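Observations on the three-dimensional arrangement
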Amino acid sequence: MKDRSVGSRIRERRIALKMRQADLASSVGISASYLNLIEHDKRRIGGKLVVDIAGVLGVESTLLSEGAEAALISALREAANVVTDADPELERIDEFAARFPGWANIIRSQYQLGLKLERTVETLSDRLAHDPELAAAMHEVLSMVTAVHATAGILHENRELEPEWRARFHRNLSEDSQRLADSSQLLVNYLDGAKEAETRLASPRDELHSFLGEAGYFFPGIEDGADVETVLAQSRLLRSKGAQFLARELLTDYATNARAMPLHEFQGAHRDTSGDVAALADRFDVSLAAVMRRMAFLPKSVLEQDYGLVKCDMAGTMIYRKEIRGFSLPRYSSACPRWPLFHALQRPGQPLVEVVEFAAREMEQFKCFAVSELQGRPQFGKETTFTATMLITPNSERLPPEGQVGAACRICSVENCSARREPSILVDGI
Amino acid sequence: MRVLLIEDEPNIIEAINFILSREGYDVVTHANGHDAMDAVRDRAPNMIILDVMLPGRSGFEILEDIRADQAFAQTPVLMLTARGQTRDRELAEKLGVSKFMTKPFANSEVLETVRTLTANV
């Protein structure tokens, strides 16, 4: 077998990869002229530089330094060491490589493929064990598989099922299979190692809420005048463009409110007015909705009071939410139509305050302030749209409730509700 | 026979609720980990089916509290989880779980386990 010099092997491999001499030289930190000398065997090469060049050219360093046959024999020896019970004729390995180079290359390729797959398995095992995002995604997939499996089992095992139950389980099956399809796709994208941020495991709104949750809805940097883009750039949780869009809009509003209602001034005014939304709006000459958002986003350590908040669009989709204990805000399903939030959408611009009792085990009462406001600037000839904001506060005044509300119909225990969209699994039983 | 199901996926709740209720069990449900112990004390179940990954608190923490409460130290607890790793199973056993079952499960398997665990209650 004809063997060649180290320089000529480097040159041959580089040209096969259509790589310029200057690019290879730059990648390994030497000048193009020095590489030229190496390739024409005018300079000796060895040690780290061979390893570096081999790395850039994507070959084993022995292939460059010792030639193809030496590299092949070396790989065959490694493969022979792995399979201990095959008893290969090691003393005839040179003869085998020389007489059957094609078969020898197949053995080497399969051995190297085995190593690569082992590394992949190790990497994936490590990610499964230590990556909370992946663990959450796997949990979502398995939960949906469980729901689909259990529901399908019920439909299969109960052929005489009443029509209403059959319809109910069919609907569950449809919902869960859709969630399963979505979560499986995201998981596949993730495991593929795609770098594109859009292949995240959560929706943009989930990312936004992770971001807000981590910050506790409070951004001291912005309070001190930091630029919104700087805060966005520092976040590792806002991966997708969709989440960045939502966060930019929210933080821009936050920054506007922080300028109009400076932290310490607002803290004092909140104390003086006992958190009176209208009085604070007058004091700072801002909208009621802006005051509500400012109150909700400042921590309890500042205002000595916890507030919940929901903002929705005209379709009833929750744009963002901040939970308060006792008043559950559904993450995926549609909310309770009896929330004052939705009443505010029916009466644009009219501030509403309602005391409601939240239908849960503890039946806590909350005072809700809601108002809708224009979304963007109104234009002639175009339909105006609104958003609604609702501030949720514990009903410390113990006023009688004006009505009962829930989180979402399926988990709401209010009986005889005219706004009910679907049966409750808590009330109707089975 | 009252069974308390602590699980946060509505359609899994509905499926298990259906399976057990049809067999005559009185199924009560609770969907978060925050106040799961309050639900255990309020409902005083004969048996508990407990998910591991719950909003607020994990099923392991709740199991620890259940076993620490004299009134429920002997109550059968079936733990359902998507996490089937050996160390999770070992942790559950160390904390006193009666039976550890990984998702997805067969309906008949859940029903049979509930029957077995409540046989002597």
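Structure: see above.
Residues numbered from 1 in each chain as written. Chains lettered and ligands numbered in written order. Predicted model: local features only at pLDDT ≥ 70, side-chain atom pairs only at ≥ 80, totals over all residues. Heavy atoms only, no water.

Side note on the overall build of chain A
Within chain A, the secondary structure is distributed over 19 helices and six strands. The buried share of chain A, reckoned over its 430 residues, is 40%. Long-range contacts, defined here as pairs at least 24 residues apart, represent 58% of the contacts in chain A between residues at least 6 apart. Carbon and sulfur atoms provide 52% of the accessible area of chain A, an area that totals close to 23800 Å². (Helix = DSSP H or I, 4+ residues; strand = E, 2+ residues; numbered from the N terminus. Buried < 20%, exposed > 50% of the residue type's maximum accessible area, 1.4 Å probe, protein only. Contact = heavy atoms within 4.5 Å. Areas by Shrake-Rupley, 256 points an atom, 1.4 Å probe, with all protein chains shown as cover.)

Let's talk about the interface of chain B and chain A
In this complex, chain B contributes 27 residues to the contact, which on the side of chain A involves 33 residues. Taken together, the two surfaces of chain B and chain A that pack against each other cover about 2500 Å², and 56% of this comes from carbon and sulfur. Its largest share of buried area at the contact with chain A, chain B owes to Asn11, Glu14 and Phe18 of chain B, together 26% of the area lost on that side. Joining chain B to chain A, the criterion identifies three salt bridges. Linking Glu9 of chain B and Arg179 of chain A is a salt bridge whose minimum nitrogen-to-oxygen distance equals 3.1 Å. At the level of elements, α1 (10-21), β2 (26-30) and α2 (36-43) of chain B are the ones that each hand at least two residues to the side of chain B that touches chain A. The dominant element in the side of chain B that touches chain A, judged by the number of residues it contributes, is α1 of chain B, at ten residues. Here the side of chain B that touches chain A is composed, by residue class, of twelve nonpolar, seven polar and eight charged. (Buried area = accessible area lost by both parts, 1.4 Å probe. Salt bridge = Lys/Arg side-chain N within 4 Å of Asp/Glu carboxyl O. Nonpolar A, V, L, I, M, F, W, Y, C, P; charged D, E, K, R; others polar.)

A short note on helix α15 (residues 263-273) of chain A
Residues and elements named next belong to chain A. Residues of α15 that are buried: Leu263, Phe266, Gly268, Ala269 and His270. Tucked inside the fold, the buried residues of α15 contact α12 (220-223), α16 (277-284), α17 (288-297) and α18 (300-303). Backbone geometry just downstream of α15 places Ser274 in the positive-phi region, at approximately 55 degrees.

Quick word on the pattern of salt bridges
Scanning the model with the defined rule gives 22 salt bridges over all chains in all. With its nearest N and O atoms 3.1 Å apart, the salt bridge here joins Glu140 of chain A to Arg179 of chain A. Placement of Glu140 of chain A in helix α9 (residues 132-157) and of Arg179 of chain A in helix α10 (residues 163-191) is noted, with a sequence separation of 39 residues between them. Arg179 of chain A gets classed as partly exposed once you look at its relative accessible area, which sits at 23%. Among the ionic pairs, Glu162 of chain A bridges to Arg22 of chain B, the shortest N-O distance being 3.0 Å. Separated into two different chains, Glu162 of chain A in the loop between α9 and α10 and Arg22 of chain B in the loop between α1 and β2 make up a pair that spans both. Through salt bridges with shared partners, a single network forms among Arg11, Arg14 and Glu39 of chain A.

Quick look at the packing of α2 of chain B against helix α3 (residues 59-68) of chain B
Residues and elements named next belong to chain B. Following both chains from N to C, one finds α2 and α3 inclined at 40 degrees, their axes separated by 10 Å at the closest point. With respect to their mutual orientation, α2 and α3 come out oblique. As α2 packs across α3, the resulting crossing turns out to be right-handed. Within the contact between the two elements, α2 uses Ala36, Met37 and Val40 and α3 uses Ile62, Asp65 and Ile66. For the contact of α2 with α3, the residue count by class is five nonpolar, no polar and one charged. (Axes fitted to C-alpha atoms, helices over the stretch in contact; angles between N-to-C directions. Parallel < 35°, antiparallel > 145°, perpendicular 65-115°, else oblique. Left-handed = near helix turned anticlockwise from the far one by under 90°.)

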